[in-house]
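Read off the chains here:
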Amino acid sequence: MMNKVDVNIKPPSKRRLKGGLIILGISGAVIGGLYAVATPFVLPAFRKIPLPYVPATARQVDNVFKMLHSAGKTSGTLVDLGSGDGRIVIEAAKYGFQATGYELNPWLVWYSRLTARLQGLQYRAEFYRRDLWKVDLSRYDSTVVFGVPSMMPKLQDKLSEELPENGVVVACRFPFPDWTPVESIDEGVDTVWCYHKNQLGHLVSAGQSVGGCEEGES
Ligand SMILES: C[S@@+](CC[C@H](N)C(=O)[O-])C[C@H]1O[C@@H](n2cnc3c(N)ncnc32)[C@H](O)[C@@H]1O
């Protein structure tokens, strides 16, 4: 014979249910927000030609402008390919260049625009969310790139076709594989190389190295 047991299951109170839903909503918003912020930083590393966000050191930025000045570029148009947080473009604007940064990461583009605006440089330092491979580089007197070794051969071809006659290119940390720099400065990760369009016909012989770092070194 079975005893009858009264089981008294109370439904959760409306207050507890509401609290649970609020916590769930906040957790969802936080996770969604983190995902939205982090994704643009991670994606460039998974592109066909990966180029992750690694900001230039203060010394590299300094070296870029030493090279440009040494090449006679103290004003005119300048572009930074993959402009990150905008530090090179903003510094260029301070020096008197009309500077443009192209960057895929929308957060970095907005951060760069805000920094430029806060410093009153928004008319000399412009930032666009654009793929550097799809930008026409023919209107820039000075081109700056802090790239990775795997992108340099393709970028070398693009620049060879698009650089204006008086164009100067400055590469940070990794040099172009086939061009001879007119000048380089510093060593290791802070090395910066300078190339002139009108001297690009002068190639390094096969296997000859112009120095610099291996991919992955930072
Ligand atoms: C090594 S960081 C250099 C940042 C900056 N130029 C500096 O020196 O501080 C390279 C930047 O290029 C951006 N990037 C990667 N692929 C790109 C592409 N196809 N077009 C535009 N920007 C790109 C990355 O998001 C990253 O911010």
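Criteria and thresholds
Residues numbered from 1 in each chain as written. Predicted model: local features only at pLDDT ≥ 70, side-chain atom pairs only at ≥ 80, totals over all residues. Axes fitted to C-alpha atoms, helices over the stretch in contact; angles between N-to-C directions. Helix = DSSP H or I, 4+ residues; strand = E, 2+ residues; numbered from the N terminus. Parallel < 35°, antiparallel > 145°, perpendicular 65-115°, else oblique. Left-handed = near helix turned anticlockwise from the far one by under 90°. Contact = placed C-beta atoms within 7 Å. Nonpolar A, V, L, I, M, F, W, Y, C, P; charged D, E, K, R; others polar. Near = placed C-beta within 6 Å. Core = buried A, V, L, I, M, F, W, Y, C linked by C-beta atoms within 7 Å. Buried ≥ 20, exposed ≤ 12 C-beta atoms within 10 Å, placed from the backbone. Pairing = 2+ DSSP bridges. Right-handed = clockwise from strand over helix to strand, strands pointing away. Arc of directions from axis to C-beta.

*Asks:* I tried to follow the packing of helix α2 (residues 58-70) against helix α3 (residues 87-95) on my own but got confused; where do I start?
*Replies:* Angle between the axes and distance between the axes: these two values describe a pair of packed helices. Look at α2 against α3: their axes get within 11 Å of each other, and the N-to-C directions meet at 45°. What the angle tells us is that α2 and α3 run oblique. Like other packed secondary-structure pairs, α2 and α3 cross with a definite hand, here right-handed. Together, Val61, Val64 and Phe65 of α2 and Arg87, Ile88, Glu91 and Tyr95 of α3 make up the contact between the two elements. When its residues are assigned to classes, the contact of α2 with α3 shows five nonpolar, no polar and two charged.

*Asks:* Looking at this structure, I do not really get the site of the ligand. What am I missing?
*Replies:* Close to the ligand lie 21 residues, the nearest being Leu51, Ala56, Gly82, Gly84 and Leu132. Every element with two or more residues in the shell around the ligand is listed here: α3 and β2 (97-103).

*Asks:* For this particular structure, what's the right way to read the nonpolar core?
*Replies:* Considering soluble globular proteins, one finds that nonpolar side chains tend to be buried as a cluster. Formed by 44 residues in total, the largest nonpolar core has its most connected members in Val64, Val89, Ala93, Val170 and Ala171. Residues in contact with Val170, not counting those within four places in the same chain, are Val64, Met67, Leu68, Ser142, Val144, Val192 and Cys194.

*Asks:* Could you clarify how one ought to interpret the sheet that holds strand β4 (residues 142-145) in this entry?
*Replies:* Neighbouring strands of a sheet are bound in pairs by backbone hydrogen bonds; such pairs are parallel or else antiparallel. On the basis of which strands lie adjacent, the open sheet formed by seven strands has the order β3-β2-β1-β4-β5-β7-β6 and mixed pairing. Only two strands of the sheet have a single neighbouring strand rather than two, namely β3 (125-129) and β6 (183-185). The mean angle between the axes of side-by-side strands here comes to 20°, regardless of whether they run parallel or antiparallel. Here β2 runs beside β3; their pairing, made up of five bridges, is parallel. By the bridge assignment for β3, Gly101 is matched with Phe127. Sheet strands touched by α3: β1 (76-81), β2, β3 and β4. Its angle to β2, the strand with the most contacts, is close to 170°.

*Asks:* When you look at the pairing of β2 in this model, what are you seeing that I'm missing?
*Replies:* Two faces make up the sheet, and in a regular strand the side chains alternate between them. In terms of burial, β2 is largely enclosed, as six of its seven residues are buried. As paired elements, β1 and β2 share six bridges and run parallel to each other. Bridging across to β2, Thr77 finds its partner in Gln98. Considered for its hand, the β-α-β crossover made up of β1, α3 and β2 is right-handed.

*Asks:* Which parts of the structure should I look at to understand helix α5 (residues 152-162)?
*Replies:* Those residues of α5 that fall on the buried side of the exposure criterion are Met152, Leu155 and Leu159. End-on, the buried residues of α5 take up no more than an arc of 60°, which puts them together on one face. In this structure, α5 carries Pro153, Asp157 and Glu161 as exposed residues pointing more than 90 degrees from its buried face. In the core, the buried residues of α5 are packed alongside β4 and β5 (168-172).

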